[in-house]
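Coordinate inspection notes
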Amino acid sequence: MRFIVSTSTLLKHLQTVNGASSSSTVLPILENFLFEIKDGNLTISATDLQTSMTTALAVESKEEGKVAVPSKILLDTLKTLPDQPIAFNIDDSTFAIEISAGDGKYKLSGENGDDFPKIPVVENASSVNLPASVLTEAITKTIFAVSNDELRPAMTGVFCQLSPQHITFVATDAHKLVRYRRTDSKADKATSFILPKKALTLLKAALPSTDINVSVDYNATSAFFKFENINLVCRLIDERYPDYEAVIPTNNPNKLIIDRGLFLNTLRRVVIFANKTTHQVRLKISGSELNISSEDLDFANEAHERLSCQYDGEDLEIGFNARFLIEMLSNLSGDEVTLELSTPNRAGLLIPQTNDENEDVLMLVMPVMLNNSY
């Protein structure tokens with residue numbers, strides 16, 4: 001089997017799917033790309049058995065066949081080559097691969113393409129189309145709040161709720177929660193599933209900046225994303241997602257409106273002086289003044305800053321993990337945000353002051369208990 005392709009084109013396609021491959025010691029073939037040639041097209045696949053990605057590109061070839069190619073050595077070689085045509089010669093019986101590029105020849109051992117795991121195909125699936133920009137925004141706004149706690153597998157993914165009215169994406173790690181809702185994207189019938197973090201990270205990296213439509217097919221076990229010449233298949237997390245609506249407080253009489261950039265930069269400074277384990281900051285609100293302070297008793301460090309804000313409610317003192325607030329404010333857009341509070345031991349809500357008319361973003365953060373030593 002022989003084919004010719006440009007080094008830069010091949011490298012770009014390999015880097016797109018490379019994240020799906022696995023450095024598995026149990027199944028070494030997962031460290032390979034599957035190359036399949038048919039009708040002058042090269043299809044490249046990578047998988048870790050949970051998430052699979054394929055991409056296709058046109059190459060010069062009159063033959064058909066498949067081979068598993070070691071991913072790391074191939075990527076490392078292509079990264080160091082200039083943009084030029086590169087020829088692959090594959091021995092159909094031993095799967096030895098010879099690569100010719102310019103004046104160089106490189107030999108490596110491939111494996112039988114038939115031993116590569118089969119990439120799942122769509123069966124009994126429902127379908128919905130989403131613009132790439134909506135999907136990118138939804139992943140960006142939620143993925144930072146996903147939990148890494150393997151003991152609670154449901155929280156290690158993003159919960160997707162499709163309905164005829166809107167589409168909702170939710171992520172939480174029990175300390176913070178994000179609900180991202182779009183009213184301009186809808187599904188024919190109501191359903192929900194949990195998408196794993198790895199698949200969403202790969203999807204976000206592969207999504208183009210041009211606003212194309214992404215076809216999303218899903219059944220009871222898997223979700224399939226299709227756009228341009230890229231296919232991504234992932235196994236869904238088979239768990240029940242916690243009832244997130246129950247934890248969002250509805251009665252929040254104390255409302256604080258503040259400049260997002262100002263609040264964010266103040267927190268970034270003040271957290272430097274906070275305890276390195278808890279990252280605790282104290283928010284003291286009275287009138288139109290917000291006092292943010294932190295202290296690290298072990299090192300006698302402390303910081304105090306005063307900001308002006310619009311506040312409607314009773315004077316309040318509440319503690320938060322500054323890391324969570326910083327993450328949330330970084331992922332919100334708009335110049336101003338509203339922080340809705342009820343009591344010092346109830347969750348606070350961060351909501352952008354100006355939302356796109358089709359999007360509804362809500363971020364929730366749990367408070368931390370204050371020790372009233374200062």
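What comes next is a walk through the structure. The shown structure was predicted, so the numbers you read here are calculated from the model rather than taken from an experiment. (Residues numbered from 1 in each chain as written. Predicted model: local features only at pLDDT ≥ 70, side-chain atom pairs only at ≥ 80, totals over all residues. Heavy atoms only, no water.)

1. What to know about the overall build of the protein chain
Looking only at helices and strands, one finds 6 helices and 26 strands in the protein chain. Here the C-alpha coordinates of the protein chain stretch approximately 80 × 50 × 35 Å along the principal axes. Within the protein chain, the proportion of its 374 residues that are buried is 52%. If you sum the accessible surface of the protein chain, you get close to 18000 Å²; carbon and sulfur atoms cover 48% of it. If the 34 positive side-chain charges of the protein chain are averaged to one point and the 49 negative ones to another, these points end up 1 Å apart. (Helix = DSSP H or I, 4+ residues; strand = E, 2+ residues; numbered from the N terminus. Buried < 20%, exposed > 50% of the residue type's maximum accessible area, 1.4 Å probe, protein only. Areas by Shrake-Rupley, 256 points an atom, 1.4 Å probe, with all protein chains shown as cover. Lys, Arg positive; Asp, Glu negative; His and termini not counted. Charge placed at Lys NZ, Arg CZ, Asp CG, Glu CD.)

2. A few points about the sheet that holds strand E21 (residues 301–308)
Read from one edge to the other, the open sheet built from 4 strands follows the order E21-E20-E19-E23, with strand pairing classed as antiparallel. Of all the strands in the sheet, just E21 and strand E23 (316–321) have a single pairing partner and so form its edges. Averaged over all neighbouring strand pairs, the angle between strand axes comes to 20°, with direction disregarded. Across 6 bridges, the pairing between strand E19 (residues 280–286) and E23 is antiparallel. Bridging from a neighbouring strand, Val281 pairs with Phe320 of E23. (Pairing = 2+ DSSP bridges. Axes fitted to C-alpha atoms, helices over the stretch in contact; angles between N-to-C directions.)

3. Describing helix H4 (residues 197–206)
Buried within H4 are the following residues: Ala199, Leu200, Leu202, Leu203 and Ala206. In a view along the axis of H4, the buried residues occupy a sector of 160°, so they form one face of it. (Arc of directions from axis to C-beta.)

4. Regarding the nonpolar core
Phe35, Phe88, Phe225 and Leu290 are the most contacted members of the largest nonpolar core, which has 102 residues in total. The leading source of residues in this core is helix H6 (residues 322–331), at 6 residues. Excluding its chain neighbours within four sequence positions, the residues that come into contact with Phe88 are Met1, Arg2, Phe3, Val5, Leu10, Phe35, Leu74, Ile97, Glu98 and Ile99. The next biggest cluster of nonpolar side chains, apart from the first, holds 14 residues, and it includes Val170, Leu177, Ile237 and Ile351. (Core = buried A, V, L, I, M, F, W, Y, C linked by side-chain atoms within 4.5 Å. Contact = heavy atoms within 4.5 Å.)

5. Details of unusual backbone geometry
Notably, Leu49 is not glycine yet its phi reads approximately 80°, a positive angle. Mapped onto the elements, Leu49 comes out in the loop between strand E3 (41–47) and strand E4 (51–58). By relative accessible area, Leu49 is classed as partly exposed at 40%.

6. So, the pairing of strand E10 (residues 126–131)
On E10, burial follows the alternation: Ser126, Val128 and Leu130 on one face are buried, whereas Ser127, Asn129 and Pro131 on the facing-out side are not. Judged from the 6 bridges that link them, E10 and strand E15 (residues 213–218) form a sheet pairing that is antiparallel. Across the sheet, Ser126 pairs through a bridge with Tyr218, a residue of E15.

7. A word on the packing of aromatic side chains
Per the stated rule, a full pass over the model turns up 6 aromatic pairs. Ring geometry for Phe193 against Tyr218: centres 5.1 Å apart, planes inclined by 35°, an arrangement best described as tilted. Here Tyr218 lies in strand E15 and Phe193 lies in strand E14 (residues 191–196), a separation of 25 residues in the sequence. Counting every residue linked through ring pairs, the aromatic cluster contains Phe3, Phe35 and Phe88. (Phe/Tyr/Trp six-rings, centres within 6.5 Å; stacked < 30°, edge-to-face > 60°.)

8. Some points on the environment of Tyr106
Mapped onto the fold, Tyr106 is located in strand E8 (residues 104–109). Residue class for Tyr106 comes out partly exposed when judged on its relative accessible area of 31%. Distance in space between the C-alpha atoms of Tyr106 and Thr77 is 9.0 Å, their sequence separation being 29 residues. Residues in contact with Tyr106, not counting those within four places in the same chain, are Leu81, Ile97, Glu98, Ile99 and Ala101.

9. Considering the sheet that holds strand E26 (residues 359–365)
Taken in spatial order, the 9 strands of this open sheet run E14-E11-E12-E13-E26-E25-E24-E18-E22, and their pairing is antiparallel. The outermost strands of the open sheet, each flanked by one partner alone, are E14 and strand E22 (310–312). Neighbour-to-neighbour, the strand axes of the sheet open up by a mean angle of 15°, direction not taken into account. Of the strand pairs in this sheet, strand E18 (residues 254–259) and E22 are connected by 3 bridges, and their pairing is antiparallel. Bridging across to E22, Lys255 finds its partner in Asp312. Contacts from H4 reach strand E11 (157–162) and E14 within the one sheet, and its direction differs from that of E14 by about 80°. Strands E18 and strand E24 (336–341) of the sheet are contacted by helix H5 (residues 260–270), whose axis makes an angle of about 90° with E18.

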